[in-house]
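Summary of the model geometry
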Amino acid sequence: MTSAMDHFAAKLTHETDASDVHAARKAGEQLAVVDVRSDDAWAQGRIVDAIHMHYSEIAARAPQEIPLGTPVVVYCWSPGCNAGDKGALEFAKLGYDVKLMIGGFEYWVREGYPVEDADGVHRRPVDPLTGIARVRTHA
């Protein structure tokens, strides 16, 4: 039983998800949300107020841009992308309290949270397979 508890406790120490990140930001928690994807992916859309820092740039840029002691959440495209893990590892090497946002940008969008691009801030409809979709009732 202890190994299962240890496993899940460790996972929750190092991972978060889109709904928890959204709730933390809404509650005013100071998080550095870092998009570790490419320039083209960033341009296509990102979490509002995220910091764009490709995982290969973290060692050089993070100490100048994100104060040590600031909780960091990194994300990449989706569960099928390991760039978030690469970014989280780089932040951990520097001594940051870092978590990987499981599901990545894909699940942020699918859960209906705001995204931004060159045209401004947008929301897509909630995917009922990943979030609670509002059900219309007939009057």
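Below is a short write-up of the structure. Just so it is clear, the structure is predicted and the values come from calculations on it, not from any experiment. (Residues numbered from 1 in each chain as written. Predicted model: local features only at pLDDT ≥ 70, side-chain atom pairs only at ≥ 80, totals over all residues. Heavy atoms only, no water.)

Here we look at the pattern of salt bridges
Applying the stated criterion across every chain yields a total of six salt bridges. Note that Arg110 is salt-bridged to Glu106, the shortest N-O span being 3.0 Å. With Arg110 and Glu106 both in helix α6 (residues 104–110) and four residues apart, this pair spans about one turn of that helix. Residue class for Glu106 comes out partly exposed when judged on its relative accessible area of 29%. The salt bridge involving Asp127 is made with Arg110; its shortest N-O contact spans 2.7 Å. Separated by 17 residues along the polypeptide, Asp127 in the segment after β8 (120–122) and Arg110 in helix α6 bring together distant segments of the chain. Linked through salt bridges whose partners overlap, the residues forming this network are Glu57, Arg61 and Glu65. (Salt bridge = Lys/Arg side-chain N within 4 Å of Asp/Glu carboxyl O. Helix = DSSP H or I, 4+ residues; strand = E, 2+ residues; numbered from the N terminus. Buried < 20%, exposed > 50% of the residue type's maximum accessible area, 1.4 Å probe, protein only.)

Section: the sheet that holds strand β7 (residues 115–117)
Pairing is antiparallel across the open sheet formed by three strands, whose spatial order is β3-β7-β8. What marks the edges here is a single partner per strand, and that holds for β3 (46–47) and β8. Across three bridges, the pairing between β7 and β8 is antiparallel. By the bridge assignment for β8, Asp117 is matched with Gly120. (Pairing = 2+ DSSP bridges.)

Here's the deal with the sheet that holds strand β4 (residues 51–52)
Pairing is parallel in the open sheet, where five strands are placed in the order β1-β6-β5-β2-β4. Edge positions in the sheet fall to β1 (15–17) and β4, since each of these pairs with one other strand and no more. Across three bridges, β1 lies against strand β6 (residues 98–102) in parallel orientation. Across the sheet, Thr16 pairs through a bridge with Met101, a residue of β6.

Some details on the packing of aromatic side chains
Under the defined criterion, the tally for this structure stands at four aromatic pairs. Look at Trp77 and Phe105: their rings are 6.3 Å apart centre to centre, the planes differ by 70°, and that puts the pair in the edge-to-face class. With a gap of 28 residues between them, Trp77 in the loop between β5 (72–75) and α5 (83–93) and Phe105 in helix α6 connect regions that are remote in the sequence. Residue Trp77 is classed as partly exposed on the basis of its relative accessible area of 34%. For the ring pair Trp108 and Tyr113, a centre distance of 4.9 Å and an interplane angle of 50° mean the geometry is tilted. Here Trp108 matches Tyr113 in class, with each residue buried. (Phe/Tyr/Trp six-rings, centres within 6.5 Å; stacked < 30°, edge-to-face > 60°.)

Scope: geometric values only; no functional claims are made or implied.
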